[in-house]
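Next come the chains, spelled out residue by residue.
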Amino acid sequence: MRPRERREAGEQDLFRSRLDQIIDMNHALVKLSRAIDWRVLEERFGSVYTDGPGSPPLPTRLMAGITILKYMYDLSDEAVCDRWVENPYFQFFCGEEFFQHRLVFERSSLTRWRQRMGEEKLRALLQESLAVATRTEAMKPSDLARVVIDTTVQPKAVMFPTDAKLMNRAREIMVRLAKRHGLELRQSYARIGKLALIKHQRYAHAHQFKRANKALRKLRTYLGRVIRDIGRSIEGNDVLQQVFAKPMSLARRVRDQDRHQRGPKVYSLHAPEVECIGKGKAHRPYEFGVKVSVVTTLKRSSGGQFVAHVAALPGNPYDGHTLGTVIPAMEQMIGNTIERALTDAGYRGHNAPPSHRFKIYTAGQKNRRPGVADWYARMRQRPSFNSAITAYWDDDARQRFDVPRGEVWAECRNILPLN
């Protein structure tokens, strides 16, 4: 069922005052709420719903508005819900006409709404923010022609992964799931498994690695016994085998993986898509999450510096190999052509589209093409240069002047042809 969208009804209440009568209508959030085209967001987000039975979802303006407020003020889900109850401007921004003394939705609804929308639909919020900035003259469309591209890591809410913690956690999950479906295990290892984890942590902290490895082998043995016990219990039962398929697969991967192995590993059981990413930071050598590409405007506009594009990059690709997909998607979203993109040295050897090959400037590169063109234009203004033009194009002279060859020189020659 599609959500029941809110419209300005103009209703009056004898015992309550309308929000537009008790707040300052010149407040920044009030002006922003009027500048946003909520109908566009309703059309984009409403496409994920189907007309079927059930209770209607929450209004799009309420969920999209509180998501915008969350990231505007850098708040958590709990904090933005608390402030929504006590802030009338937050409620007016989300489409309320009267002040609400209690939360009209559950906090977990925010998480479920974001998961339902997905990355593609949530980009509509970014696209609408750029449109609002252009309509309110906070940013010029020409400001999007020159951008800065970089990658960062979006960390996941996972504990620091160690083999001991993951094995003990996998055993606990398998035992809990077996009890939920009425399976009787020979032994759950709840007490001695926890004791083995504590011993491993203490021995590792004391640098007694032989004892720590012995405790780790016990944890691996306990997990293997639970996996085999459950496998024998569900053998021949197709329903239970389907229920235990994913948890059993993750538990086996955790049991078999090694600390020094290369390739994909399981770093979290509730979020197996988590990856280990090293960005070369001294204070944080390894981060566990997903790599994200962020594009911002190069010039600070009158309304500030804006984010032009955001994209998740699963698989931890090399930074330079992301431009082939990021640049076309960014130009399609903003409706503008990139004239210049600045990146750090991590983008060397990039795979930008051929049309943007000479528009990408990485840190530390030798900027030869504009220098040669400018030098050639200045030399053409001298009469003595025209007489020596033949010798200049000679191969030996070209080496003597240290002029670059290849496509760059050919393009420079086409721009400034010989007479």
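Residues numbered from 1 in each chain as written. Predicted model: local features only at pLDDT ≥ 70, side-chain atom pairs only at ≥ 80, totals over all residues. Heavy atoms only, no water.

Asker: What's the story with the side chain of R123 in this structure? I'm lost.
Answerer: The topology assignment puts R123 in helix α7 (residues 108-135). Here R123 falls in the buried class, since its relative accessible area comes to 18%. Other than its neighbours up to four places away in sequence, R123 contacts H309, V310, A311 and M333. (Helix = DSSP H or I, 4+ residues; strand = E, 2+ residues; numbered from the N terminus. Buried < 20%, exposed > 50% of the residue type's maximum accessible area, 1.4 Å probe, protein only. Contact = heavy atoms within 4.5 Å.)

Asker: Would you explain the nonpolar core in this entry?
Answerer: It is characteristic of soluble globular proteins that their nonpolar side chains tend to be buried jointly. Within the largest apolar cluster, 31 residues are counted, with the highest numbers of intra-cluster contacts made by L41, F45 and F93. Those residues within four positions of F93 in sequence are excluded, and the remaining contacts are L29, L32, S33, I36, W38, R61, G65, I68 and L69. Counting 28 residues, the second-largest nonpolar core is a separate cluster that includes L166, L219, F244 and L269. (Core = buried A, V, L, I, M, F, W, Y, C linked by side-chain atoms within 4.5 Å.)

Asker: Looking at this model, I keep getting lost on the side chain of T362. Mind explaining?
Answerer: For T362, the location among the structural elements is in strand β6 (residues 360-362). Among all residues touching T362, those that are not within four sequence positions of it are T343, D344, Y347, R348 and H350.

Asker: Explain the packing of aromatic side chains here, please?
Answerer: The geometry of an aromatic ring pair is captured by the separation of the ring centres together with the interplanar angle, meaning the angle of the planes. Applying the stated criterion across every chain yields a total of 7 aromatic pairs. For the ring pair Y73 and F90, a centre distance of 5.5 Å and an interplane angle of 35° mean the geometry is tilted. Linking Y73 in the loop between α4 (60-72) and α5 (77-86) with F90 in helix α6 (residues 88-93), this pair joins segments that are 17 residues apart in sequence. Since its relative accessible area comes to 33%, Y73 is described here as partly exposed. When the centroid spacing of 5.4 Å and the interplanar angle of 50° are considered together, the rings of Y267 and F288 count as tilted. Placement of the pair is Y267 in the loop between α12 (245-256) and β2 (275-277) and F288 in strand β3 (residues 287-297), with a sequence separation of 21 residues. The pair Y267 / F288 is uniform in exposure class, with both members buried. Among the aromatic residues, those joined into a cluster by ring pairs are F160, Y267 and F288. Cation over ring: R83 sits above Y73, and NZ or CZ is 5.2 Å from the ring centre. (Phe/Tyr/Trp six-rings, centres within 6.5 Å; stacked < 30°, edge-to-face > 60°. Lys NZ or Arg CZ within 6 Å of the ring centre and 35° of its normal.)

Asker: What's the story with the packing of helix α10 (residues 209-233) against α12 in this structure? I'm lost.
Answerer: When two helices pack together, their arrangement is captured by the angle between the axes and the distance separating the axes. The N-to-C vectors of α10 and α12 enclose an angle of 150°; their axes lie 10 Å apart at closest approach. Considering their axes alone, α10 and α12 lie roughly antiparallel with respect to each other. The chirality of how α10 crosses α12 is left-handed. Within the contact between the two elements, α10 uses R220, L223, G224, I227, R228, I230 and G231 and α12 uses M248, A251, R252, V254 and R255. (Axes fitted to C-alpha atoms, helices over the stretch in contact; angles between N-to-C directions. Parallel < 35°, antiparallel > 145°, perpendicular 65-115°, else oblique. Left-handed = near helix turned anticlockwise from the far one by under 90°.)

Asker: Whenever I open this one, the environment of A157 confuses me. Can you help?
Answerer: Mapped onto the elements of the fold, A157 is located in the loop between β1 (146-155) and α8 (163-180). For A157, a relative accessible area of 74% puts it in the exposed group. Once the C-alpha coordinates of A157 and G289 are considered, the two residues, 132 residues apart in sequence, prove to be 8.4 Å apart.

Asker: Can you help me understand helix α9 (residues 190-205) in this one?
Answerer: The periodicity of an α-helix, 3.6 residues per turn, causes residues three or four positions apart to be oriented the same way. Here α9 spans 23 Å end to end across 16 residues, near enough to the 22 Å set by a 1.5 Å rise per residue. Taken together, the buried positions of α9 are occupied by G193, A196, L197 and H200. Buried residues of α9 fall within an arc of 100° about the axis and therefore sit on the same side. Facing away from the buried surface of α9 by more than 90 degrees, the exposed residues are R191, K194, R202 and H205. Against α8 and α10 lie the buried residues of α9. Following α9 by one or two positions, H207 adopts a phi angle in the positive range, close to 60°. (Expected span 1.5 Å × (residues − 1). Arc of directions from axis to C-beta.)

Asker: Sorry if this is basic, but what is going on with the pattern of salt bridges here?
Answerer: Between side chains of opposite charge, pairing is possible as soon as their charged atoms come close. This model, assessed by the stated rule, comprises 14 salt bridges. Of the charged contacts, one joins D77 and R114 as a salt bridge, the two residues approaching to 2.9 Å between their closest N and O atoms. With a gap of 37 residues between them, D77 in helix α5 and R114 in helix α7 connect regions that are remote in the sequence. On the basis of relative accessible area, D77 is assigned to the buried category, the value being 8%. In the salt-bridge network here, residues are joined through shared partners; they are K70, D77, E78, R107 and R114. (Salt bridge = Lys/Arg side-chain N within 4 Å of Asp/Glu carboxyl O.)

Asker: How should I be thinking about the pairing of strand β5 (residues 340-343) in this particular structure?
Answerer: In summary, the side chains of a regular strand alternate between the two faces of the sheet. Only one face of β5 is covered, namely the face carrying A341 and T343; the face carrying R340 and L342 is uncovered. Here β5 runs beside β6; their pairing, made up of 3 bridges, is parallel. Following the sheet pairing, L342 is matched in β6 by Y361. (Pairing = 2+ DSSP bridges.)

Asker: Would you mind going over a positive patch on the surface with me for this structure?
Answerer: Together, R186, R225, R228 and R232 make up a positively charged patch on the protein surface. Mapped onto the fold, R228 is located in helix α10. With relative accessibility at 44%, the residue R228 sits in the partly exposed group. (Patch = residues over 30% accessible without salt bridge, like charges linked within 9 Å, V, L, I, M, F, W, Y side chains within 5 Å. Areas by Shrake-Rupley, 256 points an atom, 1.4 Å probe, with all protein chains shown as cover. Lys, Arg positive; Asp, Glu negative; His and termini not counted. Charge placed at Lys NZ, Arg CZ, Asp CG, Glu CD.)

Asker: How do you make sense of α4 when you look at a structure like this?
Answerer: With 13 residues, α4 should cover 18 Å at 1.5 Å per step; its first-to-last C-alpha distance of 18 Å lies within 8% of that length. Within α4, 11 of the 13 residues are buried, leaving the element largely enclosed by the surrounding structure. For α4, the full list of buried residues reads T60, R61, L62, M63, A64, G65, I66, T67, I68, L69 and K70. Taken together, the buried residues of α4 touch α2 (28-35), α3 (38-46), α5, α6 and α7. D74 occupies a position one or two residues after α4 and carries a positive phi of about 55°.

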